[in-house]
Amino acid sequence: MITIDVDTAVRENYGQCCFDAEDIFFLDDSGALQFLSQADDDRLADLENAADACPMQAISLTVS
């Protein structure tokens, strides 16, 4: 299982992460970033790409 954390103090809601894992990261109707807190291990590559795409580097992943 992968735990996903987004640092809300530095995120800017650019939404770049949504392109790599649109079922995990998405913008709500007001444009605010929403995300799931966990994902299956087979999503690691997509989540790493999403984290790398974040201009603010606000996404951290923990694999357990």
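Residues numbered from 1 in each chain as written. Predicted model: local features only at pLDDT ≥ 70, side-chain atom pairs only at ≥ 80, totals over all residues. Heavy atoms only, no water.

A few points about the sheet that holds strand 4 (residues 38-39)
Then, in step 1: Sheet architecture is open: three strands sit in the order 4-1-5, paired in antiparallel fashion. The open sheet has two edge strands with one neighbour each: strand 4 and strand 5 (59-63).
Then, in step 2: Two elements, strand 1 (residues 2-6) and strand 4, share two bridges in a ladder whose sense is antiparallel. Within strand 4, the residue paired with Ile-2 across the bridge is Ala-39.
Then, in step 3: Each of strand 1, strand 4 and strand 5 touches helix 2 (residues 44-53); the most contacted strand, strand 5, lies at about 155 degrees to it. (Pairing = 2+ DSSP bridges. Helix = DSSP H or I, 4+ residues; strand = E, 2+ residues; numbered from the N terminus. Contact = heavy atoms within 4.5 Å. Axes fitted to C-alpha atoms, helices over the stretch in contact; angles between N-to-C directions.)

Considering the nonpolar core
Then, in step 1: Formed by 16 residues in total, the largest nonpolar core has its most connected members in Ile-4, Cys-17, Ile-24, Phe-25, Leu-47 and Ile-59.
Then, in step 2: Contributing elements (two or more residues each) for this core: strand 1, helix 1 (17-20) and helix 2.
Then, in step 3: Other than its neighbours up to four places away in sequence, Phe-25 contacts Ile-4, Val-6, Cys-17, Cys-18, Leu-33, Gln-34, Phe-35, Leu-47, Ala-50 and Ile-59. (Core = buried A, V, L, I, M, F, W, Y, C linked by side-chain atoms within 4.5 Å. Buried < 20%, exposed > 50% of the residue type's maximum accessible area, 1.4 Å probe, protein only.)

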